[in-house]
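Structural characterization, general
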Amino acid sequence: AGHIPTRVGTRHAVTSGLASLEHLYDILISTSTEEDAIRAEILDEISGPASQDINPQSAEKNRTNRLLATYSPKKADALFKLIREHGTWLTPTLLVNADPRCPGSPLPPIDDAFLSDLPGYLQRFVQLPDATREDIELDCRRFEKLSALVGEMEKAELPLLAGSDGPNPGVKPGMGLHDELMLLVRAGLSPARALQIATRDAARFMGQGDALGTIEVGKVADLVLLDANPLDDIRNTRRITHVIVNGVPVEQ
């Protein structure tokens with residue numbers, strides 16, 4: 001399982017047997033009508049003769065605009081069919097692409113309260129970088145496209161996993177998964193489906209479905225108890241009253 005190098009690409013990774021694809025960036029490249037040209041440009045920026053003269057921030061901004069403008073539903077349908085045929089799992093990590101500064105974002109602000117219980121070295125990881133209004137607007141547009149892609153993946157019945165990729169800007173270790181579940185529901189998954197991919201399906205992917213992932217007699221009792229129903233509101237996964245590890249309640 002892992003990231004998709006630009007030189008490899010999603011199709012080759014899938015047909016070569018990679019078990020799980022992490023993140024969506026190469027999916028966005030693979031569904032562009034200008035895929036080949038964009039891949040060549042990225043590789044040239046990394047190791048081409050003029051790589052020292054390229055402004056990576058400016059190049060990335062221009063490329064993102066092109067990817068959003070050249071998205072092909074036809075290519076996406078064909079790619080999703082290939083992924084489904086090969087049984088490849090996908091971990092969208094929507095949270096790592098989200099920015100709480102986007103209009104209407106459900107994410108908490110990255111303020112002193114957010115950072116307060118983190119050690120200093122982690123605070124540096126999760127703080128958001130300074131950005132212009134133009135940069136934030138572009139990031140917001142990209143996130144909405146990625147979110148829509150996840151909705152299409154769910155409709156295509158692709159096997160999904162829930163991951164937050166923390167620590168990263170805006171991604172708080174521990175709480176990040178709760179935010180990811182919220183974003184997955186916002187993208188079109190039902191609360192039940194979001195919970196399944198974070199528990200039952202995660203255990204199945206790891207080959208541990210007989211011992212973990214669901215609450216059943218004979219399985220390891222690793223679970224949390226909530227005081228509100230997450231099927232009514234996925235944000236209720238945060239309302240934890242008890243933590244049980246291997247059948248033993250954890251004192252809080």
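Note that this is a predicted model, so its numbers are computed, not measured. (Residues numbered from 1 in each chain as written. Predicted model: local features only at pLDDT ≥ 70, side-chain atom pairs only at ≥ 80, totals over all residues. Heavy atoms only, no water.)

1. Thoughts on the overall build of the protein
For clarity, the threshold we go by: The way it works is that DSSP assigns letters per residue, a run of H or I at least four long becomes a helix, a run of E at least two long becomes a strand, and they are numbered from the N terminus. Here the radius of gyration uses the C-alpha set of atoms, whereas the globule reference equals 2.2 Å times the residue count to the power 0.38. Between buried and exposed lies partly exposed: a residue is buried under 20% and exposed over 50% of the maximum accessible area for its type, with that area taken using a 1.4 Å probe on protein chains only. Any two residues having at least one pair of non-hydrogen atoms within 4.5 Å are treated as being in contact. Note on areas: Shrake-Rupley, 1.4 Å probe, and residue coverage restricted to the protein chains presented here.
Looking only at helices and strands, one finds 11 helices and five strands in the protein. Expected size for 252 residues packed as a compact globule is a radius of gyration near 18 Å; at 19 Å, the protein falls within 12% of this value. By principal-axis analysis of the C-alpha atoms, the protein measures approximately 60 × 45 × 30 Å. Across the 252 residues of the protein, 40% fall into the buried class. Partitioning the contacts of the protein with sequence separation of at least 6, the portion at a separation of at least 24 is 67%. Only carbon and sulfur atoms are counted for the fraction: they give 53% of the accessible area of the protein, which is about 13600 Å².

2. As for the packing of aromatic side chains
Formally: Stacked, tilted and edge-to-face pairs are distinguished by plane angle, under 30 degrees for stacked and over 60 for edge-to-face with tilted covering the rest, among Phe, Tyr and Trp rings (Trp via its six-membered ring) whose centres lie within 6.5 Å. When the NZ atom of lysine or the CZ atom of arginine is within 6 Å of a ring's centre and also within 35 degrees of its normal, the charge is said to sit over that ring.
Across all of its chains, the model carries one aromatic pair by this definition. For the cation-ring pair, K172 lies above F114, with the distance from its terminal atom to the ring centre recorded as 5.1 Å.

3. Examining the state of the cysteines
We apply this condition: Two cysteine sulfur atoms form a disulfide, by the criterion used here, when they sit within 2.5 Å.
With the rule as written, the count across this model stands at one disulfide. With a sulfur-sulfur separation of 2.0 Å, C102 is cross-linked through a disulfide to C140. As the torsion about the S-S bond is roughly -100°, the C102-C140 disulfide counts as left-handed. With C102 in the loop between β2 (89–91) and α6 (112–115) and C140 in helix α8 (residues 133–155), this pair connects stretches of sequence that are 38 residues apart. The burial state of C102 is the same as that of C140; both residues are buried.

4. Overview of the pattern of salt bridges
Two side chains of opposite charge can pair, provided their charged atoms sit close to one another. Condition: By definition here, a salt bridge exists when the distance from a side-chain nitrogen of Lys or Arg to a carboxyl oxygen of Asp or Glu is within 4 Å.
Applying the stated rule across the entire model yields 23 salt bridges. Residues D135 and K61 are paired through a salt bridge, measuring 2.9 Å at the closest nitrogen-oxygen approach. Of this pair, D135 sits in helix α8 while K61 sits in helix α4 (residues 56–69), and the two are 74 residues apart along the sequence. A relative accessible area of 24% means that D135 is categorised as partly exposed. Linking D179 and R238 is a salt bridge whose minimum nitrogen-to-oxygen distance equals 2.3 Å. With D179 in helix α9 (residues 176–186) and R238 in the loop between β3 (223–226) and β4 (240–245), this residue pair connects regions lying 59 residues apart in the sequence.

5. Things to note about the environment of A78
Within the secondary structure layout, A78 lies in helix α5 (residues 73–86). Sequence separation between A78 and T31 is 47 residues, and the spatial gap between their C-alpha atoms is 9.1 Å.

6. Here's the deal with the sheet that holds β3
Operational definition: Paired strands are those between which DSSP finds at least two bridges.
Spatial ordering of the open sheet is given by β3-β4-β5, a layout of three strands whose pairing is antiparallel. The sheet is open, and its two borders are formed by β3 and β5 (248–249), each paired with just one other strand. Relative to β5, β4 runs antiparallel, the two sharing two bridges. Bridged to V245 within β5 is V248.

7. Digging into the nonpolar core
Put simply, the rule is: In plain words, nonpolar cores are sets of buried Ala, Val, Leu, Ile, Met, Phe, Trp, Tyr and Cys residues tied together by side-chain atoms within 4.5 Å.
Membership of the largest hydrophobic core comes to 40 residues, with the highest contact counts inside it found for I27, F80, I83, L90, L94 and M153. At the level of secondary structure, the elements contributing two or more residues to this core comprise α1 (10–15), α2 (25–30), α3 (35–47), α5, α8, α9 and α10 (191–198). Not counting residues within four places of it along the chain, the set of residues in contact with F80 comprises I27, L149, E152, M153, A156 and L158. Residues F114, L115, L122 and V126 belong to the second largest nonpolar core, which totals five residues.

8. A closer look at the packing of α3 against α4
Note the cut-off: For helices, the axis comes from a line fit to the C-alpha atoms of the stretch in contact; other axes are also lines fit to C-alpha atoms, and the angle between any two N-to-C directions lies between 0 and 180 degrees. Angular relationships are summarised with four words: roughly parallel below 35 degrees, roughly antiparallel beyond 145, roughly perpendicular across 65 to 115, and oblique for the angles in between. Three classes are used: nonpolar for Ala, Val, Leu, Ile, Met, Phe, Trp, Tyr, Cys and Pro, charged for Asp, Glu, Lys and Arg, and polar for all others, with Gly counted as polar.
For the pair α3 and α4, the least separation of the axes is 12 Å and the interaxial angle reads 170°. Classified by the angle between their axes, α3 and α4 sit roughly antiparallel to one another. Where α3 abuts α4, its residues A37, I38, E41, I42 and E45 lie against A59, R63, R66 and L67. By residue class, the composition of the contact of α3 with α4 is five nonpolar, no polar and four charged.

9. Some words on α10
Each turn of an α-helix holds 3.6 residues, which means side chains three or four residues apart point in the same direction. As a reminder of what qualifies: It is the directions from the helix axis to the C-beta atoms whose arc is reported.
Regarding α10, the residues found buried are P191, R193, A194 and I197. For α10, the buried positions fall inside an angular range of 165° around the axis, keeping them on one side. For α10, the elements touching its buried residues are α8, α9 and α11 (200–205).

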